[in-house]
Amino acid sequence: ATPFTNGLAATHQIAVGGAFLSDHKIVVGPMENGQITMDGNPILTSFPSSYAEPAWGVTLNYNGEGKLVDNAQGHLEKHIVHMDLPLGIHLQVMRWANHLNVRISMTPREGGQDGSCGNFNGNVADDSTAAIKSRIAGQRVAPSDLLFNVPAQVGPGGQHVTIADCAQAKRDHAMEVCKAQQPAAEGKLLESCIFDVCFAGEQYAGEDGLAESEA
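Quick caveat: nothing in here was measured; it's all calculated off a predicted structure.

The rules we used
Residues numbered from 1 in each chain as written. Predicted model: local features only at pLDDT ≥ 70, side-chain atom pairs only at ≥ 80, totals over all residues. Heavy atoms only, no water. Helix = DSSP H or I, 4+ residues; strand = E, 2+ residues; numbered from the N terminus. Buried < 20%, exposed > 50% of the residue type's maximum accessible area, 1.4 Å probe, protein only. Core = buried A, V, L, I, M, F, W, Y, C linked by side-chain atoms within 4.5 Å. Pairing = 2+ DSSP bridges. Axes fitted to C-alpha atoms, helices over the stretch in contact; angles between N-to-C directions. Phe/Tyr/Trp six-rings, centres within 6.5 Å; stacked < 30°, edge-to-face > 60°. Expected span 1.5 Å × (residues − 1). Arc of directions from axis to C-beta. Disulfide = S-S within 2.5 Å.

(A) Structural view of unusual backbone geometry. In this model, Phe47 is joined to Pro48 through a cis peptide bond whose omega is -5°. Examined against the element boundaries, Pro48 turns out to sit in the loop between strand S4 (41-42) and strand S5 (49-53). Here Phe120, not a glycine, exhibits a phi torsion of approximately 60°, which is positive. Along the chain, Phe120 falls in the loop between strand S9 (100-105) and helix H1 (129-134). Residue classification places Phe120 among the partly exposed positions, given a relative accessible area of 47%.

Take a look at the structure:
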């Protein structure tokens, strides 16, 4: 969560590094309180711009092109960092004022792979939260492997709430706001929008609804 999301989770910064980048590190933060760095040095400081390190297999392009993860933000100016990295990995990092959206594209690795989004084996049944947590992908990163300077403080968090905890009048209002901002929304997309408006504010009706085409 960030001070700008009223306690709801959001991606504030992403770091990419490790052996596959020859132990170099790329960090991308949001527009208003973050920057783009390579090994701690600012890069892509103008818009649009590009950066390349052929010896490391790294090409970065910073522009307004690309398909958004969150189509509800299509009315906002796009600032997208495109990363072409070794092993056929491609990242698109969409920078907004105080948070990020990220799309990761890659091919299946020989011998398999695993991560917080699943293991890419084509079986959705073993990609539940419980299944991922039971594997190494659900474990905390060791301090020696951290790409950020300070580990995130993770705990039980605040009180768990559901849409049932939103007063009916407020829920009805949230429904109206979501329908006005996303007329085609239905099912889980609409439910997510109503939840965000109920507990975070009306601004999230147009900013944080996950498009069904990307769900």
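From this point, things continue past the structure.
(B) Here's a closer look at the nonpolar core. Ranked by internal contacts, the top residues of the largest apolar core, which has 20 residues, are Ile26, Val28, Leu44, Leu60, Val81, Met83 and Leu85. Mapped onto this core, the elements with two or more residues apiece are strand S1 (14-17), strand S2 (25-28), strand S3 (36-38), strand S6 (58-63), strand S7 (80-85) and strand S8 (89-95). Cys166, Cys178, Cys193 and Ala205 belong to the second-largest nonpolar core, a separate cluster that totals 12 residues.

(C) Representation of the sheet that holds S9. Reading across from one edge, S5-S6-S7-S8-S9 is the order of the 5 strands in this open sheet, with antiparallel pairing throughout. The sheet terminates laterally at S5 and S9, the two strands that pair on one side only. Each strand of the sheet is rotated relative to its neighbour by a mean of 10°, with strand direction disregarded.

(D) Seen up close, the packing of aromatic side chains. Taken as a whole, this structure holds 2 aromatic pairs when the rule is applied. Each ring, one from Phe47 and one from Tyr62, has its centre 5.0 Å from the other, and the planes form 75°; the classification is edge-to-face. Of the two residues, Phe47 is situated in the loop between S4 and S5 and Tyr62 in strand S6; the sequence distance between them amounts to 15 residues. Overall, the relative accessible area of 35% leaves Phe47 in the partly exposed class. Tyr62 gets classed as buried once you look at its relative accessible area, which sits at 3%. Judged by centre distance (4.8 Å) and plane angle (50°), the ring pair of Phe195 and Phe199 falls under tilted. Linking Phe195 with Phe199, this pair stays in helix H3 (residues 187-199), spanning 4 residues, or about one helical turn.

(E) Up close: helix H2 (residues 168-181). If you check H2, its first and last C-alpha atoms are 20 Å apart, about what 14 residues at 1.5 Å a residue would give, namely 20 Å. When H2 is considered as a whole, its buried residues turn out to be Ala174, Val177 and Cys178. Seen along its axis, H2 keeps its buried residues to an arc of 95°; they face one direction. Exposed residues on H2 whose side chains face more than 90 degrees from its buried face are Ala169, Glu176 and Ala180.

(F) The state of the cysteines, seen in detail. Inspection of the entire model under this criterion finds 2 disulfides. Here Cys166 pairs with Cys198 through a disulfide, and the sulfurs are 2.1 Å apart. Given an S-S torsion of about -75°, the disulfide between Cys166 and Cys198 has left-handed geometry. One end of the pair, Cys166, is in the loop between H1 and H2; the other, Cys198, is in helix H3, with 32 residues separating them in the sequence. In this structure Cys198 comes out as buried when scored by relative accessible area, which is 3%. With cysteine numbering restricted to those in disulfides and following the sequence, the protein has the pairing 1-4, 2-3.

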